[in-house]
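# Working through the structure, step by step
Here are the chains, one letter per residue:
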Amino acid sequence: MNYIDGFVLAVPTAKREQYTELARTMAVLFKEHGALSVVECWGDDVPEGKVTSFPMAVKRQDDETVVFSWITWPSRQVRDSGMKKVMEDPRMKPDANQAMPFDGQRMIFGGFQVIVDA
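Keep in mind it's a predicted model, so treat the numbers as computed, not measured.

Moving on, we come to the side chain of Asp 5. Tracing the sequence through the fold places Asp 5 in strand β1 (residues 3-12). Classification of Asp 5 as buried rests on a relative accessible area of 2%. At 2.9 Å, the side chain of Asp 5 and the side chain of Arg 79 are in polar contact. Those residues in contact with Asp 5 that sit more than four places away from it in its chain are Ser 69, Trp 70, Ile 71, Trp 73, Arg 79, Met 83, Gly 110 and Gly 111.

Written as structure tokens, this is what we have:
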């Protein structure tokens, strides 16, 4: 079964195009290092919760939009190797990259084993 890296973050709504450009660049990089696909989703129906919610989890501010993303890898082994290569890639250096258009400290991420793919 495939392996998934999932992400939830808050992006300033005014920086949608800047984020989209960065996401396209990163998708190429991840795919060069073994990812099968990269999906980026801009929230348009993400309700506030009373106990938990995506907006609460990323401490979304009024001028931000929740983004939900995932990377599909063929396996955990390929992901571990590929992610290491991505982090070492010269294009990931701060001087090679534009400023991040979001607060990375509020990004939630994790790796997941696929248990159902129907």
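The structure having been displayed, the exposition proceeds.
The next point concerns the environment of Pro 74. Relative to the helices and strands, Pro 74 is located in the loop between β3 (64-73) and α3 (76-88). For the pair Pro 74 and Ala 99, spaced 25 residues apart in sequence, the C-alpha to C-alpha distance is 30 Å. In contact with Pro 74, not counting residues within four places along its chain, are Met 1, Asn 2, Tyr 3, Gly 34 and Leu 36.

Before going further, it helps to spend a moment on the environment of Ala 57. Along the chain, Ala 57 turns up in helix α2 (residues 54-57). In this structure, the C-alpha to C-alpha distance between Ala 57 and Val 86, residues 29 residues apart in sequence, is 26 Å.

Summed over the entire model, instances satisfying the criterion amount to four aromatic pairs. Summarising the aromatic geometry, the rings of Phe 30 and Trp 73 are spaced 6.2 Å apart at their centres and angled 90° between planes, so their arrangement reads as edge-to-face. Here the residue Phe 30 occupies a position in helix α1 (residues 16-32), and Trp 73 occupies one in strand β3, the gap between them amounting to 43 residues. Among the residues examined, Phe 30 registers a relative accessible area of 9% and is labelled buried.

Rules used throughout
- Residues numbered from 1 in each chain as written.
- Predicted model: local features only at pLDDT ≥ 70, side-chain atom pairs only at ≥ 80, totals over all residues.
- Heavy atoms only, no water.
- Helix = DSSP H or I, 4+ residues; strand = E, 2+ residues; numbered from the N terminus.
- Buried < 20%, exposed > 50% of the residue type's maximum accessible area, 1.4 Å probe, protein only.
- Polar contact = N/O pair within 3.5 Å; in protein donor to acceptor, adjacent residues only side chain to side chain.
- Contact = heavy atoms within 4.5 Å.
- Phe/Tyr/Trp six-rings, centres within 6.5 Å; stacked < 30°, edge-to-face > 60°.

So yeah, pure geometry; function would need other evidence.
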